[in-house]
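Remarks on the overall topology
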Amino acid sequence: MKKLLILIILLSILFFSSGQSPEQQSLIPTLEKWLPGEPFKSSLSKLHVPYWGIIVSIDERGYYPFVEFLVRKSAHFFTFGFIASIIYLILPKHMFRILTATWITLLLAAGDEYHQSLTSGRTPTLQDVILDMVGAITFLIILRFILLLKRPKKARKR
């Protein structure tokens, strides 16, 4: 029951976030307050991220918008990684449990992008769905590995 509640909370936050315009969810004022003096700028300026047919960098966007981009894309990876893990743990044990969790997460990722398409100023992208799924699959593999290690040695030999 606790896992289901966590999943509902995560999905609610995701739904709320997807329904906000870029201006409503801008992290730039917070980043300016938390990262005065643009720390790590010299290291981050070497980073150029190919995304949606463009290269995103400090040179292209500026320091704080670039850091915001990195935070947002990391949020996709980790949020959907957690969502997939919780779905996996909620599902009854069966042979295709990891595949079922992956498909459910894919549907949620696609639904999230569709929801963004209904929000003014937001653009749904296939790249975000792919990033969501990379996070989901990564977390599921790690979770499965951890669960295998936690099993008693006798059960692992079967």
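Data block above holds the structure.
The following paragraphs examine the structure supplied in this document. (Residues numbered from 1 in each chain as written. Predicted model: local features only at pLDDT ≥ 70, side-chain atom pairs only at ≥ 80, totals over all residues. Heavy atoms only, no water.)

**Let's talk about the layout of surface pockets**
A volume near 820 Å³ is recorded for the largest pocket. Gln-25, Arg-72, Lys-73, His-76 and Arg-122 are the residues nearest the centre of the largest pocket, which is lined by 31 residues in total. Those elements giving two or more residues to the lining of the largest pocket turn out to be helix H1 (2-18), helix H5 (63-90) and helix H6 (97-117). For the lining of the largest pocket, the leading source of residues is H5, giving 10 residues. (1 Å grid on protein atoms, 1.4 Å probe; cavity = no way out; pocket = protein on both sides within 12 Å on 5 of 7 lines; lining within 4 Å. Points joined across faces, edges and corners; volume = space filled by probe spheres on them. Helix = DSSP H or I, 4+ residues; strand = E, 2+ residues; numbered from the N terminus.)

**Some words on the packing of aromatic side chains**
Inspection of the entire model under this criterion finds six aromatic pairs. The interplanar angle of 70° and the centroid separation of 6.0 Å between the aromatic rings of Phe-77 and Phe-139 together place this pair among those described as edge-to-face. Of the two residues, Phe-77 is situated in helix H5 and Phe-139 in helix H7 (residues 126-150); the sequence distance between them amounts to 62 residues. Relative to Phe-139, the ring of Phe-82 lies with its centre 5.1 Å away and its plane at 75°, an arrangement referred to as edge-to-face. Note that Phe-82 is positioned in helix H5 and Phe-139 in helix H7, a separation of 57 residues in sequence. Residue classification places Phe-82 among the partly exposed residues on the basis of a relative accessible area of 45%. A relative accessible area of 15% places Phe-139 in the buried class. Within the aromatic cluster, the residues linked to one another by ring pairs are Phe-77, Phe-78, Phe-82 and Phe-139. (Phe/Tyr/Trp six-rings, centres within 6.5 Å; stacked < 30°, edge-to-face > 60°. Buried < 20%, exposed > 50% of the residue type's maximum accessible area, 1.4 Å probe, protein only.)

From the geometry alone we can't say anything about function, so treat these as descriptive.
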